[in-house]
Every structure is written in structure tokens, then in C-alpha cells.
Amino acid sequence: MSDIRVRIAPSPTGPLHIGTARTALFNVLFARRHGGTFILRLEDTDVARSTLAFEADILAGLHWLGITWDEGPDSAGGEDHGPYGPYRQMLRLARYAEAAADLLARDLAYPCYCTPDELDADRRVQEAAKQPPRYVGRCAALTPAEREARVAEGRAAATRFRVAPGVIGFDDAVRGRVEIDTANLGGDFVIVRGDGTPLYHFTVVVDDAAMRISHVIRGEDHLSNTPKHILLFRALGHPEPVFAHLPLILNPDRTKMSKRKSRTAISDYIAQGFIREALVNYLALLGWSTGSEEEILSFDEIASRFDLDHVQKGGAVFDPERLEWINGQWIRRLDDDDLAARLGPFLEAEHAAGRIDRTPTADEIRTVLPMIRERLPTLGAVGDLIGFLWVDELTVDPATIVPKRWDAATTATALAAARQAIAAVGDVSFESEEIEPPLRALAERRGWKAGDLFMAIRVAVTGRTATPPLFDTLVALGRDRALARLDAAVAGVVSLVG
RNA sequence: GCCCCCAUCGUCUAGAGGCCCAGGACGCCACCCUUUCAAGGUGGAGAUCAGGGGUUCGAAUCCCCUUGGGGGCACCA
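Residues numbered from 1 in each chain as written. Chains lettered and ligands numbered in written order. Predicted model: local features only at pLDDT ≥ 70, side-chain atom pairs only at ≥ 80, totals over all residues. Heavy atoms only, no water.

Section: the environment of R193
Then, number 1: With respect to the helices and strands, the residue R193 is situated in the loop between β9 (189-192) and α6 (200-210).
Then, number 2: When its relative accessible area of 29% is taken as the criterion, R193 is described as partly exposed.
Then, number 3: Considering only alpha carbons, one finds R193 and L415, 222 residues apart in sequence, at a separation of 77 Å.
Then, number 4: Of note is the side chain of R193, whose polar atom sits 3.5 Å from the backbone oxygen of P198. (Helix = DSSP H or I, 4+ residues; strand = E, 2+ residues; numbered from the N terminus. Buried < 20%, exposed > 50% of the residue type's maximum accessible area, 1.4 Å probe, protein only. Polar contact = N/O pair within 3.5 Å; in protein donor to acceptor, adjacent residues only side chain to side chain.)

Now the structure itself:
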């Protein structure tokens, strides 16, 4: 195992986001490609917004995608494993406190007694003057006596890190050289809240240092914050990792992908019936490419090709249609048992929602696979596609049964004749090759276009104009039910004739 | 307001000075296949490589400027 160590550090303040999933994916891919270690660390210091439910959603989502970590918590609220634990920040509070005390002792940081109101006021003044927001430094040079006075006032002290003048430069693995003047960092920044809980910029560095992270691969939204992190690494006396900032995933209007404008929760995609192979494939290709024209790739194939050099710099608009196409490609590649098993939950959901009257068995699903596999953009489409197979009372509007070129009388006659022809096919030989010839012969004999006849039958027995191949559908329905539906349809259409 | 990043078909992208008057994929259109819908096949429309200057014998590829877009600037992560 190489000494490459990367991590994903989600915050359990919301369900697993598409962007987090992709960042996690790029990190594992990088680790797997180079024989490194992939770590999962929970950044749960925002106690007000973090929940165990979100934590569970995130871990389950990553597991569902097939993303596994070498170090970190196994499950929500579960045990940590790995030599650098614990891997949830609320369990590492003592370390942050120690690091902060060290910084304080060396005067690299100082206690700040400013109240939120004071800070707000400062910000408003700066805004009015069209100045960039920045900490004014009110507490930067307090004497011991002045500090004691504020404490005596009962003011809580936050800890601020001193930002020294200078230019911070680093070689981003995807963007190249980046240099930022610390004068633009907004002044000394808070690393520990007044209540003693540490803040993100601080914990991320303390932990990345402690966990020996070698490459920080994250979203571009952290690019501007990187100098703060570098300053902290240096203050803590730890070598800086390599940084690699990935392009953002965008809404259709090219702003950072958000819940408001796009579907961002992985669980939504799972619920719609996207499969992990497709999501992984699609996400990997969002911002990265093989450099070749390969499109459909498995996790392992991607892992063997992955590199940071081919990561795009510009943001990428999330394109649901392309995802759906890739999903269809992967669904077609699944073997029967696998596909049937994955379809199960979706059919159960259809049943639970009352759209079908019973949940088909795995065997039943398997027999119907050949006629639906190429017609499923998502697993969730299965109900609309063949749900009619499992409804007891199919209600069909008679008017929809009449083909465009036909009138009701012709339709009634044709359906009745078709009913006879189908009934003539015995129960034992009720196969599509046995059903088709007599129906075609019937159409020819009466001068009907076969397509019209078939369409009338199709709508009569399924209630839809778009279905899997008709004869396979009739077989799947079974002779008795097919005939019963035909009878009902004839009656309906006859009533139309009046 | 300040700082940083980015810029090839509508979208995802190939392209790392001549192989490019720019290739693939999604989507779109047409045709083929066909009982509908898909899938599949074939073909097509679609990008003066954001614009303008350079450098070079030669630039989508290098440099500069402009424009546009995005991100960041919290006692959020």
C-alpha cells in the first residue's frame, strides 16, 4: 500500500448530495488507482444542523454506490476503525482544543471578545462603504488587563488565528499554480467559537494533518479557502498535502448545483430507479474523461484509468438525460437474476401505492424480463411499462380502444373476431408463435391492416398504446385474463356504437 | 466591493503547435428495422474552438487584454 491517503469528509447536515458523492468517488478512484488509502471522516461540529438521520443517509448512500472506505465509521453512530481514529469530529474535540491552546500559547492565535452584534455592525459599515468584509482586528492587540476586563464583563472568548501578510502559493493538481495574497483573506479568522466548539477551517486542517492526508481532493468552492488551510498547516508544523480542486457540478443555469434548482439528493435517484453502475459511470465522467472515446465503464475499469490530469477545470452542468441513457445501457447489461432482484422493490412500491394489486414473484419478473429490459430507462419505469399485468380489474376507456383509422363498429367486430381467434389457441399452446399467425390471417381475410387490429387488442388488454410486443404481452397475461379483458373491451366498444 | 478560478457543438467531452476548415457521446431530425413503444443500425443538422491583439512558417492548443460565467470572502461546512 502506498502512502497516498485521501478522504471524503461529509457533514451530516443534509442528505447525501450529488456533489459529495462525486467528490467521494474521485477520492476513492484516486486511492484505488494508486494503491492508497481512502478515509471517511464525519464533520459533525455544526451541532445545530447535524443529525444521525443525515449521517445514516450519507453512509448508506455511499455504500449503495459501492464506495467503501478503508478507515472510518462503518455505519451511522457505529464503531470507527483505522489507526487514526476517532473519525467523527465531535469525538476529537480534545485534539482541537489542544491544538488551539498551542496556537494561543505561541501567540499565533488570540482570544477575541467581539460579540456577534459588533461583528455584524462592522460588516454593515464595510458593506455600505463597498469594502470587502474583513475582521477589523479589535481584539488583535489587547493587553492582558484589557482581556481580563472583557472576561470580567462576562464575555465569552472565541479564538482567532492571526493571518500574517504575504502571498500564499500552491500547485493545484488540476489547476496548476495558484497564488493568493493573505490580505484578501478577510483578516484574522475564528478557529474556535465562543462556546468552545471548533470551526471547519480549523478542524479540517488539524484532522488532515493528524490523519496524514497526502492529497486533498475537493470541490472548487474550497479553492479560495486553501490559503487559510495552508497557513494553519504551517502554524501547526505539518507539511501541506497536495491540493486538487474539482470543477463544480452545475444547475442548468450554470450556477453551483443546488437543491432549489436541481435534484441533489442521491436518495432521489435511487428512488427513481437509477442503478449504482450508471450513477458511478455518469458521475465519473462529469469532470473527468478517459482521454479516449470510451463511455460505458465499470467502477474497476474507471479506477484503472483514473488520473487527475484528465480532470476538467470548468464546471459541468448536470444532464439528467445523459444519466438516463447511461442507466439504460447498464440495465441492459445486467443479468436476469440481478435485474429481477433489483426490480423487486420497485414492484413492491407499486403494490404499496395501490397501482397494482399484488407483488409478482421473482420468477414472474424473470419471465417478463426479455420484453422489458430494453424499455427501461430506469427501474422505476417498470410500473408504467407492465403494471397492467398485475392489476385485477383493468379499467379502459372504450374510446381509447378504437384505432385512429377505425370507427367503433369496426373495432367491436374486430375485437370479437380476435377474441375468437385467440380463444382458438389452446391453453397448452398459448405461445406467441401460436397466437400471431391466426390474428394476421384474420386481418388479411377481413382487409384490415394488421397494425390496426393489433393496436385495438393492445389497448383492450393493457389500457395503453405503448407496450411491450403484443403477443408476448398476451402470453404474459395468460389466456383466461386476455380473453376476459377482450370480452370487457368488446362490451365497452359496443356500448359506444349504441 | 475585493480576491481567485474558468471559457471547444444546447449538454458532457476529445484535443497538450502542424494528424483539426475540430472527433465522440447525450439530446434533436430523417431513414432502415418494425404490430405500438423501445432497443439497434445508417445518415444529418449542430462549435467562425467567447472576442481582440500578439508569438510562430504554422495556434483550439503558448502570451496579453477585453468580455462573459462561476466560486470564495461567517463564531456554516
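Points about the protein's contact with RNA strand B
Then, number 1: With respect to spatial proximity, 67 residues lie near RNA strand B, and among them D46, C114, E374, R375 and R458 are the closest.
Then, number 2: A distance of 2.6 Å separates a base nitrogen of RNA strand B from a polar atom in the backbone of T467.
Then, number 3: Those elements that provide at least two residues to the surface near RNA strand B are α4 (116-128), β6 (158-161), β8 (176-181), α6, β13 (316-317), α11 (320-333), α18 (450-462) and α19 (470-477).
Then, number 4: Residue contributions to the surface near RNA strand B peak at five residues, all from α11.
Then, number 5: A breakdown of the residues in the surface near RNA strand B according to their chemical character gives 23 nonpolar, 20 polar and 24 charged. (Near = heavy atom within 4 Å. Nonpolar A, V, L, I, M, F, W, Y, C, P; charged D, E, K, R; others polar.)

Brief notes about the layout of surface pockets
Then, number 1: There is about 1400 Å³ of room inside the largest pocket.
Then, number 2: Residue assignment for the lining of the largest pocket shows that the elements contributing at least two residues are β1 (5-8), α1 (18-34), α6 and β10 (215-219).
Then, number 3: It is α1 that provides the largest number of residues to the lining of the largest pocket, a total of four residues.
Then, number 4: Split by residue class, the lining of the largest pocket holds 16 nonpolar, 13 polar and 10 charged.
Then, number 5: Built from parts of two domains, the lining of the largest pocket gets at least three residues from each of domain 1 (5-75 + 249-317) and domain 2 (92-246). (1 Å grid on protein atoms, 1.4 Å probe; cavity = no way out; pocket = protein on both sides within 12 Å on 5 of 7 lines; lining within 4 Å. Points joined across faces, edges and corners; volume = space filled by probe spheres on them. Domains from an automatic or database assignment.)

Notes on the pattern of salt bridges
Then, number 1: Under the definition given, this model contains 36 salt bridges.
Then, number 2: Between R32 and D70 there is a salt bridge whose closest N-O contact spans 3.2 Å. With a gap of 38 residues between them, R32 in helix α1 and D70 in the loop between α2 (52-64) and β3 (72-73) connect regions that are remote in the sequence.
Then, number 3: A residue is classified by how much of its surface remains accessible, and R32, at 30% relative accessible area, is partly exposed.
Then, number 4: Given a relative accessible area of 30%, D70 falls into the partly exposed group. (Salt bridge = Lys/Arg side-chain N within 4 Å of Asp/Glu carboxyl O.)

Remarks on the domain arrangement of chain A
Then, number 1: Domain boundaries in chain A define domain 1 (5-75 + 249-317), domain 2 (92-246), domain 3 (334-381) and domain 4 (398-494).
Then, number 2: Computed over C-alpha atoms only, the centres of domain 1 and domain 3 are separated by 27 Å.
Then, number 3: Listed per partner, the contact involves eight residues of domain 1 and six residues of domain 3.
Then, number 4: Approximately 500 Å² of surface area, both sides summed, lies buried where domain 1 meets domain 3, with 57% of it carried by carbon and sulfur atoms. (Contact = heavy atoms within 4.5 Å. Buried area = accessible area lost by both parts, 1.4 Å probe.)

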